[in-house]
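# Fold and contact review
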Amino acid sequence: MRRATALFAALLLAILFSTTYLTAPKANADDCTGDWAIGIGGLGDNTSSIFAPYVNQPVGYNSADPMSGLNELDRLFWQHRNECPGDHIRLIGHSEGAGIVHAWVTAHQDVDNANAILLSDPKRAPGPGWGGLSSTPGSGIIGYPLAGVDDWFGDFPVLTVCNSDDQICDTSAGWWGYLFGGAHGRYDFDVWDYGDWDSGVWYR
C-alpha cells in the first residue's frame with residue numbers, strides 16, 4: 001500500500017513538473033482597506049483562479065516551479081505591507097499553494113498582523129491522521145519549498161483544514177476520496193469565512 005502511494009506521489013510530481021506556465025493575473029493596485037487577502041492555488045492553477053473571487057490579490061506563478069510561487073507570494077506580501085503597514089494580511093492556499101504558504105510562514109514566524117489558512121496542505125504534520133503527501137518516500141526529490149512535513153509556525157496564526165478522505169493532506173486516506181469522492185475540492189475557498197486569528201487543525 002505504501003509502495004503504491006509512493007508511486008502515485010511520484011506520478012503527481014511528474015505531472016507537476018510538466019505543467020506549462022499560464023498567463024499570470026495582473027497585480028492589483030493596493031488599497032489600504034484594513035484587511036487584505038492574498039490567495040495561491042495548487043497544481044495547474046497558475047493564475048490562482050480558485051481564489052480570484054475572494055481575495056484582493058491572486059498569486060500568478062508557474063506551478064511547475066514552486067519557488068516562483070514562494071517568491072511571488074513574498075513580493076506581494078511585502079509590497080502591500082510597505083504600502084499599507086496597518087493592514088492585516090490574510091494568506092490562503094490550496095494544495096501546492098498551501099504548501100507554499102506553509103513554507104513562507106515557517107520562514108517568517110515573527111511577522112505580525114497576519115494569518116494563514118492552509119487547505120489540503122501536503123506539508124501537514126501528522127495528527128490527526130498521517131502526514132501530508134510531502135511525507136511519502138521519494139517526495140524529497142521535489143526539494144524546497146514543498147519537501148517535508150512540519151508545524152513550525154511559531155506565534156504566527158495558522159489554520160490547517162484537511163478532509164480526512166483527502167490523500168494530499170492525509171496519506172492514510174488512500175486515493176479513493178481524492179480521485180472519486182471530491183475530497184480535494186470540498187473546501188471553503190472564501191477567505192472571509194475564516195477569522196483573522198484562527199489557528200490549529202480542522203480535520204473532518
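In this text, all values refer to a predicted model and were calculated from it rather than measured experimentally.

Conventions we followed
- Residues numbered from 1 in each chain as written.
- Predicted model: local features only at pLDDT ≥ 70, side-chain atom pairs only at ≥ 80, totals over all residues.
- Heavy atoms only, no water.
- Salt bridge = Lys/Arg side-chain N within 4 Å of Asp/Glu carboxyl O.
- Helix = DSSP H or I, 4+ residues; strand = E, 2+ residues; numbered from the N terminus.
- Buried < 20%, exposed > 50% of the residue type's maximum accessible area, 1.4 Å probe, protein only.
- 1 Å grid on protein atoms, 1.4 Å probe; cavity = no way out; pocket = protein on both sides within 12 Å on 5 of 7 lines; lining within 4 Å.
- Points joined across faces, edges and corners; volume = space filled by probe spheres on them.
- Nonpolar A, V, L, I, M, F, W, Y, C, P; charged D, E, K, R; others polar.
- Disulfide = S-S within 2.5 Å.
- Phe/Tyr/Trp six-rings, centres within 6.5 Å; stacked < 30°, edge-to-face > 60°.
- Patch = residues over 30% accessible without salt bridge, like charges linked within 9 Å, V, L, I, M, F, W, Y side chains within 5 Å.
- Areas by Shrake-Rupley, 256 points an atom, 1.4 Å probe, with all protein chains shown as cover.
- pLDDT = per-residue confidence, 0-100.
- Contact = heavy atoms within 4.5 Å.

## Focus: the pattern of salt bridges
Between side chains of opposite charge, pairing is possible as soon as their charged atoms come close. The final tally for this structure, using the stated rule, is 6 salt bridges. Two residues, Lys123 and Asp150, come together in a salt bridge whose shortest N-O distance is 4.0 Å. Of this pair, Lys123 sits in the loop between β4 (114-119) and β5 (158-162) while Asp150 sits in the loop between β4 and β5, and the two are 27 residues apart along the sequence. Its relative accessible area of 4% is what places Lys123 among the buried residues. Close ionic contact of Asp165 with Arg186 constitutes a salt bridge, the shortest N to O distance being 2.7 Å. Residue Asp165 is found in the loop between β5 and α4 (176-179), and its partner Arg186 is found in the loop between α4 and β6 (200-203); the two are separated by 21 residues along the sequence. You can call Asp165 partly exposed: its relative accessible area is 25%. Overlapping salt bridges, with partners in common, bring together Asp35, Arg90 and Asp196 in one network.

## Considering the layout of surface pockets
Here the second largest pocket defines a volume of roughly 190 Å³. Lining the second largest pocket are 16 residues; nearest its centre among them are Asp151, Phe153, Thr160, Gly200 and Val201. Secondary structure elements with two or more residues in the lining of the second largest pocket: β5 and β6. Class assignment of the residues belonging to the lining of the second largest pocket gives a composition of 7 nonpolar, 5 polar and 4 charged.

## Focus: the state of the cysteines
Taken as a whole and judged by the stated rule, the model has 2 disulfides. Note on cysteine connectivity: Cys162 is disulfide-linked to Cys169, with sulfurs 2.1 Å apart. Measuring the twist about the S-S bond at about 85°, one finds the Cys162-Cys169 disulfide to be right-handed. Residue class for Cys162 comes out buried when judged on its relative accessible area of 0%. Sequence-ordered numbering of the disulfide-bonded cysteines in the protein gives the connectivity 1-2, 3-4.

## Notes on the packing of aromatic side chains
Inspection of every chain in the model, using the stated rule, returns 8 aromatic pairs. Seen in terms of ring centroids, Phe77 and Trp78 are 4.9 Å apart; in terms of plane orientation they differ by 80°. Their pairing is edge-to-face. With a relative accessible area of 0%, Phe77 lands in the buried category. Seen from their ring centres, Trp176 and Phe180 are 6.0 Å apart, and the 55° between their planes marks the pair as tilted. Each member of the pair, Trp176 as well as Phe180, is classed as exposed.

## A closer look at a nonpolar patch on the surface
A cluster of nonpolar side chains, Trp176, Leu179 and Phe180, forms an exposed patch at the surface whose accessible area comes to about 400 Å². We classify Leu179 as partly exposed; its relative accessible area is 43%.

## Quick look at unusual backbone geometry
Along the chain, Gly127 connects to Pro128 via a cis peptide bond; the corresponding omega equals -10°. As for its position among the elements, Pro128 is in the loop between β4 and β5. Residue Pro145 follows Tyr144 across a cis peptide bond; omega there is 10°. With respect to the helices, strands and loops of the structure, Pro145 is situated in the loop between β4 and β5. You will see that Ser120, though not glycine, has its phi angle at about 55°, which is positive. With respect to the helices and strands, Ser120 occurs in the loop between β4 and β5. Taking the relative accessible area as the measure of exposure, Ser120 reaches 0% and is therefore buried.

## With respect to the confidence of the model for the protein
Considering every residue of the protein, the mean pLDDT works out to 88; 85% of them sit at 70 or more. Confidence drops under a pLDDT of 50 for residues 1-24, and excluding neighbours within four residues, the segment shows 43 contacts in the predicted structure.

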